[in-house]
Amino acid sequence: VKAGDIVVAVTDMTRDAMIVAQAAIVPKIVGDDAVFSMDMVKLVPKPAFASHWFHALLRFSSFSFEVREKATGATVLHLRPKHIEEWRTPIPPPALRDEYAEYVSPMYALMDELELQNEKLRQARDLLLPRLMSGDLAV
């Protein structure tokens, strides 16, 4: 997977099935050389569907509620990818989808940028904190 790809969990070990059928966008912080396990599937929208609109459709519609009902298993839930493919929903006109994607794209870009900045701050903290605690660095 690479940054911007959409993945959906197909395995879940939580008691309330809170992970299975949940869609997520791979953040920029991951880079372009990440590998995902068999616990997820990568979904690629058709060219007519903007990626951000497609993610929102999966994330904020009834998708996860309806599809996770098809998961089977006693202690570990497994969702077959065919159940994702079988899900159906009404699709808005192209102009409305494109308008939505244009509106939210800057927000997704900002989320990625803030995630990258947070990672840099975490790294700085991890370098400085041991030196502060040991007294090697005075405040």
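Right above here is the structure, for reference.
Heads up: these notes are all about the structure in this document. Bear in mind the structure is a predicted one, so any value in this text is a computation, not a measurement. (Residues numbered from 1 in each chain as written. Predicted model: local features only at pLDDT ≥ 70, side-chain atom pairs only at ≥ 80, totals over all residues. Heavy atoms only, no water.)

Topic: the overall build of the chain
And then number 1: Secondary structure summary: the chain contains 4 helices and 5 strands in total.
And then number 2: Listing the helices and strands of the chain from first to last along the sequence gives β-β-β-β-α-α-β-α-α.
And then number 3: Here the chain has a C-alpha radius of gyration of 19 Å; the compact-globule value for 139 residues is 14 Å, and the former is much larger.
And then number 4: Judged by the C-alpha coordinates and their principal axes, the chain covers about 60 × 45 × 25 Å.
And then number 5: A total of 139 residues make up the chain; the buried ones form 25% of that total.
And then number 6: Taking as baseline every contact in the chain between residues at least 6 positions apart, the subset at least 24 positions apart corresponds to 68%.
And then number 7: Of the roughly 9800 Å² that the chain leaves accessible, carbon and sulfur atoms contribute 61%.
And then number 8: Each charge class in the chain can be summarised by its mean position, and for the 16 positive and 19 negative side chains these summaries are 4 Å apart. (Helix = DSSP H or I, 4+ residues; strand = E, 2+ residues; numbered from the N terminus. Rg over C-alpha atoms; globule rule 2.2 N^0.38 Å. Buried < 20%, exposed > 50% of the residue type's maximum accessible area, 1.4 Å probe, protein only. Contact = heavy atoms within 4.5 Å. Areas by Shrake-Rupley, 256 points an atom, 1.4 Å probe, with all protein chains shown as cover. Lys, Arg positive; Asp, Glu negative; His and termini not counted. Charge placed at Lys NZ, Arg CZ, Asp CG, Glu CD.)

Regarding helix H1 (residues 51-60)
And then number 1: All of the buried residues along H1 are Trp53, Phe54, His55, Ala56, Leu57 and Leu58.
And then number 2: Contacts from the buried residues of H1 go to strand S1 (6-9), strand S3 (23-25), strand S4 (40-43), helix H2 (63-68) and helix H4 (94-134).

As for the sheet that holds S1
And then number 1: Across the sheet, 3 strands lie side by side as S3-S1-S4; this open sheet has antiparallel pairing. In the strand order of this sheet, the two ends are held by S3 and S4, each with one partner. The sheet shows a mean angle of 35 degrees between the axes of neighbouring strands, taken without regard to direction.
And then number 2: Of the strands in this sheet, S1, S3 and S4 are in contact with H1, which crosses S3 at around 150 degrees. (Pairing = 2+ DSSP bridges. Axes fitted to C-alpha atoms, helices over the stretch in contact; angles between N-to-C directions.)

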